[in-house]
Amino acid sequence: MVPPNAPENRTEDREFGKEWWRGAAIYQIYPRSFRDSDGDGIGDLRGITEKLDYVADLGVDGVWISPFYRSPMNDFGYDVSDYCSIDPVFGTLQDFDALIGKAHGLGLKVIIDQVYCHTSDQHAWFRESRQNTDNQSADWYVWASPKADGTPPSNWLSVFGGPAWSWDGRRQQYYLHHFLSSQPTLNLHNDEVIAALISAGEFWIDRGVDGFRLDALNMGMHDPSLRDNPAHPDSGTKLKTFEMQQHIRGMNQPEMTKVVARFAEAFRRAGGDSFFTVAEIGGAEPLSRMVAYTEGRSLLSSAYSFDFIGAMHADAGAISASLTAWPNDLDRGYPGWALSNHDCHRVASRWSLPRSPQGRNVRLFALLHAAIRGVTFIYQGEELGLPQADIPFDKLVDPEGIANWPADQGRDGARTPFPWTGNDPYAGFSTHEPWLPIDPAHLPLNAHDQCSNEESIHHFFREALGMRRNNPALRLGDFKDLSDGKPLIAFERSLSGKTLICCINLQAEAQTWAHPVGASRILISAGLNGQTGMPTELPAHSGFIAERV
């Protein structure tokens, strides 16, 4: 039985042919924490399959599943030791095939992570590469000899703190790692490496996946001359050493666009014109790289940055500026957006609005997901309004959190198990103590209770996403900013003579707003007490989507 809000009647194929992903809403699943089917305290592929009906009923177009490949789990799957096998903690290839079949039966596309900038140091490629300087894989990673004084070849820094170089006694050289020392950086200047990565991607395309999310893609190429990075102008204000540099040498190289083009062409050839590719672009001022990786029809489908997930405060002006930076010209590139994911604090906490009633702010974020131009990604639990979990230091497992505590408690608080129920042991996630503790604050927000409550945050999310799915103007229409310098988010989406208007006030004070001339009726709202006419003053912490009539 297909759930009533499943995507069987969607409009994308009629509007954009095979480009189903334009205007899509995609639900991110972090496998370790979604649903444990075998009672070991760690989520798995069978657990995801069991709960896909819940995801389809929310009204999204697809799921993005974070890494489940074989890995020593030093970075919980983003340190891949075999691109073409599944780690036993998550299941088997047969479990994955069953997941694909169930998802496609529900009308859901399946997007999986591909980590192409680094591997685990346990990968066969690196184990061979580190042996000496003349083996078959010797140039598959970034190696360099020390300076005359024995120090690393450049001043490049790791995201997780400290130098981005580690010494290897066997090769008598340093190797580059942008993250943990157990995550050596691949050398994408080497054509053989690119070919091997493409082959790994084709393995999963043959198993039926519909798209790839390409992790940290702008870190995939380095300056071969190994010149030092300059200091950041505001380095004295930064908490993390990585943020004290301008990363213009060890990553963010313009030559990466050619590699991106090779990936995009190969995956379209293997997966067809409908195959979806989205790049994660980190770092400062990412727009130029996002455009470079998606411009025209021969590169990636989309890209998303840390514009929103990296913002610690809800700044209406900054949000409007980010949205306005993407014109309606499809050949210039196509944006992707996320308010939360597995690497950042949950948006319900980061963008908490002073004096906002419980749940009001999350409803405003749901309106943004519903109306935004581009691909929008919803992180598991966002639809429940989950806040960032509070994890005591002795329960932390994230290496970044442990290294930077207490100034930054890391990523564990966004990765805690999904609360399916409020009363069952371990919130219905598992029958065994989970790998991360469940925050008691999440229990009242559990999925079971919210799904049966028409006043819940989940119900509002479902309604908002249903509106996006059923209104081509919201999914596919042109974008026009209407904020006019006001401290609110206001824009219209228009397609084929139909126009919808979205306006969101994140402020603790009411805001006057000169709405477009002409009659409009409100279709969905938060904080307006059922008002159906267009307001000239938007109350604090309120928002709506309206249709011009």
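The coordinates are above.
Residues numbered from 1 in each chain as written. Predicted model: local features only at pLDDT ≥ 70, side-chain atom pairs only at ≥ 80, totals over all residues. Heavy atoms only, no water.

A. A look at the packing of aromatic side chains. For the structure shown, the criterion picks out 42 aromatic pairs. Pairwise contacts between aromatic rings join Tyr-83, Tyr-116, Trp-125, Trp-140, Phe-212, Phe-263, Phe-267 and Phe-275 into one cluster. Here Arg-22 stacks its cationic end above the ring of Tyr-334, 4.7 Å away from the centre of that ring. Seen from the ring of Trp-435, Arg-32 lies directly overhead, with NZ or CZ sitting 4.4 Å from the centre. (Phe/Tyr/Trp six-rings, centres within 6.5 Å; stacked < 30°, edge-to-face > 60°. Lys NZ or Arg CZ within 6 Å of the ring centre and 35° of its normal.)

B. Structural view of the sheet that holds strand 16 (residues 498-505). Read across the open sheet, the five strands follow the order 14-15-16-20-18; overall the sheet is antiparallel. Of all the strands in the sheet, the pair left with one neighbour each is strand 14 (478-481) and strand 18 (520-526). Each adjacent strand pair in this sheet contributes to an overall mean axis angle of 20 degrees, direction not counted. The pairing of strand 16 with strand 20 (residues 542-548) spans six bridges and is antiparallel. For Ile-504, the partnering residue across the bridge sits in strand 20 and is Gly-543. Contacts between helix 9 (residues 316-324) and the sheet are confined to strand 14 and strand 15 (489-495), with strand 15 contributing the most and set at about 25 degrees to the helix. Here helix 11 (residues 360-371) sits on the sheet in contact with strand 15, strand 16, strand 18 and strand 20, set at roughly 30 degrees to strand 20. (Pairing = 2+ DSSP bridges. Helix = DSSP H or I, 4+ residues; strand = E, 2+ residues; numbered from the N terminus. Axes fitted to C-alpha atoms, helices over the stretch in contact; angles between N-to-C directions. Contact = heavy atoms within 4.5 Å.)

C. Quick look at the packing of helix 11 against helix 14 (residues 457-470). Contact geometry for helix 11 and helix 14: axes closest at 8 Å, N-to-C directions at 15 degrees. Between helix 11 and helix 14, the angle falls in the class roughly parallel. Seen from above, helix 11 lies across helix 14 with right-handed handedness. On helix 14, the residues touching Val-362, Arg-363, Ala-366, Leu-367, His-369, Ala-370 and Ala-371 of helix 11 are Ile-457, Phe-460, Phe-461, Ala-464 and Arg-468. Class assignment of the residues belonging to the contact of helix 11 with helix 14 gives a composition of nine nonpolar, one polar and two charged. (Parallel < 35°, antiparallel > 145°, perpendicular 65-115°, else oblique. Left-handed = near helix turned anticlockwise from the far one by under 90°. Nonpolar A, V, L, I, M, F, W, Y, C, P; charged D, E, K, R; others polar.)

D. Representation of the nonpolar core. Residues Tyr-27, Phe-68, Phe-212 and Ile-545 are the most contacted members of the largest nonpolar core, which totals 122 residues. In contact with Ile-545, not counting residues within four places along its chain, are Leu-367, Ala-370, Ala-371, Met-467, Leu-474, Leu-500, Ile-501, Cys-502, Ile-522, Leu-523 and Ile-524. If you look at the next biggest cluster of nonpolar residues, it comprises 16 residues, including Trp-64, Ile-111, Cys-344 and Phe-377. (Core = buried A, V, L, I, M, F, W, Y, C linked by side-chain atoms within 4.5 Å. Buried < 20%, exposed > 50% of the residue type's maximum accessible area, 1.4 Å probe, protein only.)

E. A look at a nonpolar patch on the surface. There is a patch of nonpolar side chains on the surface, built from Phe-393, Ile-402 and Trp-405 and spanning about 280 Å² of accessible area. The topology assignment puts Trp-405 in the loop between helix 12 (399-404) and helix 13 (447-451). (Patch = residues over 30% accessible without salt bridge, like charges linked within 9 Å, V, L, I, M, F, W, Y side chains within 5 Å. Areas by Shrake-Rupley, 256 points an atom, 1.4 Å probe, with all protein chains shown as cover. Salt bridge = Lys/Arg side-chain N within 4 Å of Asp/Glu carboxyl O.)

F. Representation of the environment of Ser-37 in the model. Mapped onto the secondary structure, Ser-37 falls in the loop between strand 1 (25-29) and helix 2 (45-50). Residue class for Ser-37 comes out partly exposed when judged on its relative accessible area of 29%. Once the C-alpha coordinates of Ser-37 and Thr-49 are considered, the two residues, 12 residues apart in sequence, prove to be 9.6 Å apart. Apart from the residues lying within four places of it in its own chain, the contact partners of Ser-37 are Asp-44, Arg-46, Gly-47 and Glu-50.

G. Examining unusual backbone geometry more closely. A cis geometry characterises the amide bond from Trp-405 onward to Pro-406, with omega recorded as 0 degrees. Mapped onto the fold, Pro-406 is located in the loop between helix 12 and helix 13. Unlike most non-glycine residues, Leu-226 shows phi in positive territory, near 60 degrees. Here Leu-226 lies in the loop between strand 9 (211-214) and helix 7 (256-271). Phi angles above zero are rare outside glycine, and Asp-484 is one such case at about 55 degrees.

H. Inspection of the sheet that holds strand 6 (residues 143-144) at higher detail. Taken in spatial order, the three strands of this open sheet run 6-8-7, and their pairing is antiparallel. Single-partner strands in this sheet number two, and they are strand 6 and strand 7 (165-168). Sheet analysis places strand 7 next to strand 8 (residues 173-176), joined by four bridges and oriented antiparallel. Opposite Trp-167, over in strand 8, you have Tyr-174 as the bridge partner.

I. Geometry of the pattern of salt bridges. Summed over the entire model, instances satisfying the criterion amount to 27 salt bridges. Here Lys-240 ties to Asp-408 by a salt bridge, and the two come within 2.7 Å at their closest N and O atoms. Note that Lys-240 is positioned in the loop between strand 9 and helix 7 and Asp-408 in the loop between helix 12 and helix 13, a separation of 168 residues in sequence. Side by side, Lys-240 and Asp-408 carry an identical accessibility label, which is buried.

J. Local environment of helix 6 (residues 191-206). Taking 1.5 Å of rise per residue, the 16 residues of helix 6 would be expected to cover 22 Å, and the 22 Å separating its terminal C-alpha atoms lies within 8% of that figure. Buried within helix 6 are the following residues: Val-193, Ile-194, Ala-196, Leu-197, Ile-198, Ala-200, Gly-201, Trp-204 and Ile-205. The residue sitting at the N-terminus of helix 6 and contributing the capping side-chain oxygen is Asn-190; that oxygen lies 2.8 Å from the backbone nitrogen of Glu-192. Positive phi shows up at Gly-208, right after helix 6, with a value of about 110 degrees. (Expected span 1.5 Å × (residues − 1). Polar contact = N/O pair within 3.5 Å; in protein donor to acceptor, adjacent residues only side chain to side chain.)

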